[in-house]
Amino acid sequence: MVNIGVNIKDLKLKNPILTASGTFGYGYEYSDFFDISQLGGIIVKATTAEPREGNPYPRIAETPMGMINAVGLQNKGINYFVSDIYNKIKNIDTNIIANVSGSTVEACVEVARRMNELDKIAAIELNISCPNVKEGGMAFGTSVREAYRITASVRNACNKTLLVKLSPNVTDIAEIAMAVESAGADAISLVNTFLAMAIDVEKRKPVLSTVTGGLSGPAIKPIALRMVWQVYKAVRIPIVGLGGIMSVTDVVEFLLAGATAVQIGTANFINPKISFQLIQELQEFMDAHGVKDVHELIGGLR
Amino acid sequence: MKSIRKLTIADKINVEDNYFILKCFSAEALPEMFPGQFASIKVENNPNVFLRRPFSIHDYCPETNEVSFLIKIVGKGTCSLSKLSVNQQIDVILPLGNGFNLNKSGKALIIGGGCGIAPIFFLAKKLKSMNADFDILIGGRSCHDLLCYKELSGLSHLYCTTEDGSEGTKGYVTNHNCLIDNNIDYKRIYCCGPENMLKAVAKHAKERDIFCEVSLENHMACGIGVCLCCVTETIHGNECVCSQGPVFNIKDLKW
């Protein structure tokens, strides 16, 4: 029997497989496919202070080994989350992690404060990396000063484990990571999507209504992996790695590069059972390679 | 309940130049499916195709555990699927979305245009099994786009229109007498086809206050309402075509 449990500060994960915000709804959408309580955790769709309609259609472009989305944080706002969604998810027997987003520091603080009051929200992931909103979002995650400022403010508003999800659209990911670490983040999620674009050559127009969007899927995996490795060398807090993970080899690569846990994102669209299968496959990998404890893999790059 | 299945291709039937029907067999019992629902098929062995592709349930036979998809070759995904052969397996998630609201009261008109004829066949079969009173109207660019003409004509009274006049009434479905003649009293209209056609039919139904449901098609990633990519504007805000549709009552749409 191998040990696959990991901790991220006070957050105890029964295994290092989480599902990424925006790719797994609120969890229950996947309950037809498998027992979602088997997951290490579920990071639910981003919540903002006010309801958001998101961007106009078209919001998606398929690209080689990936996709670009321009959803734009569509959600019904924190009041609806507290009054309606929370009741549907609070009894799921795994860590439910809220993803907090907003266009101002004050709005993010408000959402984090409200989430902090909810017993069954195990942790908060502050999203400072959405490329699809005009204000806030990625703007926070691409400046050392702003990343520090928003992290410190949200840190003051909540005592739950705080993950900060970083944007890869920066020159030096390590300096942003160090900034959020010094501002009090308990962990770093990386990476969010890469700013990207697709063009319809027949129409000579952008495919997406917003022109640009966020690229995800296996196309970004090698870059995401490189960034996890760079940040692992720069900070002491745990890293939750994500970006195009499709297989158990991908999971192990992220762990070896320094991630304590991983998030499965776009792969959920292709195979709704993938996150569940990866939990089994990680144990099989460990068995086959004589690894007794997953900590032997974390940062275990030779 | 939605599930991921491995289906075996029992038959592949070419329909006109650009269309084909994949008739698939399941070794295990298939879940119950309703007209208007869809499935998403994984396209294997093509590195340029990453996402699943959504297709209406064209036919469903619980007795034989068979389900069919009528597919138009429009891009790289459907082109790859068209190269599949009998006995190969496909990875399918089904059933997805919400179907048409079936009701026996009053006469119904089922309208299908082009590849929108795909769910119409299953719908007509189901209504016939319910002994409902209905007519079918199909339209296309030319007689080559009037798919499943023979099969549909066996289910009820079948009208058709073509833009080039090569079959039936010349023009669009909304030009057909069965929609123009005020003596024909349809209580319900079910429609699937290109958006312009749906909008024209919706306008017609709205003006006459006829119950009307349309099946929409948007680009999708997940098919289960989590990625929020396939949204359409409704009076309740942006809603996912995959999980809140693909069938919508026109009263809910901002048309």
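Residues numbered from 1 in each chain as written. Chains lettered and ligands numbered in written order. Predicted model: local features only at pLDDT ≥ 70, side-chain atom pairs only at ≥ 80, totals over all residues. Heavy atoms only, no water.

**Description of the sheet that holds strand 1 (residues 3–15) of chain B**
Residue and element names in this part refer to chain B. Read from one edge of the open sheet, seven strands run 4-3-7-1-2-6-5, paired in antiparallel fashion. This sheet does not close on itself; its edge strands, each paired only once, are strand 4 (53–56) and strand 5 (59–61). Neighbour-to-neighbour, the strand axes of this sheet turn through a mean angle of 35°, independent of strand direction. As judged from the seven bridges shared by strand 1 and strand 2 (residues 19–25), these two strands associate in the antiparallel manner. Considered in strand 2, the bridge of Asp11 is made with Lys23. (Pairing = 2+ DSSP bridges. Helix = DSSP H or I, 4+ residues; strand = E, 2+ residues; numbered from the N terminus. Axes fitted to C-alpha atoms, helices over the stretch in contact; angles between N-to-C directions.)

**Observations regarding helix 7 (residues 248–257) of chain A**
Every α-helix winds through 3.6 residues per turn, so residues three or four apart in the chain are directed the same way. Residues and elements named next belong to chain A. Counted residue by residue, helix 7 has seven buried out of ten residues, so it is predominantly covered. For helix 7, the complete set of buried residues consists of Val248, Asp250, Val251, Val252, Phe254, Leu255 and Ala257. Of the surrounding elements, those touching the buried residues of helix 7 are strand 3 (17–19), helix 6 (221–234), strand 15 (239–241), strand 16 (261–264) and helix 9 (274–288). (Buried < 20%, exposed > 50% of the residue type's maximum accessible area, 1.4 Å probe, protein only. Contact = heavy atoms within 4.5 Å.)

**A word on the pairing of strand 6 (residues 66–69) of chain A**
Residue and element names in this part refer to chain A. Burial of strand 6 is two-sided: the residues Gly66 and Ile68 facing one way and the residues Met67 and Asn69 facing the other way are all buried. Summarising the sheet, strand 5 (residues 60–63) and strand 6 pair through four bridges and their orientation is antiparallel. By the bridge assignment for strand 6, Thr63 is matched with Gly66. What sits between strand 5 and strand 6 in their antiparallel hairpin is a turn of two residues, with Met65 showing a positive phi close to 55°. Sheet analysis places strand 6 next to strand 14 (residues 212–216), joined by three bridges and oriented antiparallel. Bridge pairing in strand 14 places Met67 opposite Ser216.

**Quick look at the sheet that holds strand 6 of chain A**
All names here are of chain A. The sheet built from four strands is open, its strands ordered 5-6-14-11 with antiparallel pairing. Here the strands that pair on one side only, and so sit at the sheet edges, are strand 5 and strand 11 (194–197). Adjacent strand axes in the sheet meet at a mean angle of 40°, parallel and antiparallel pairs treated alike.

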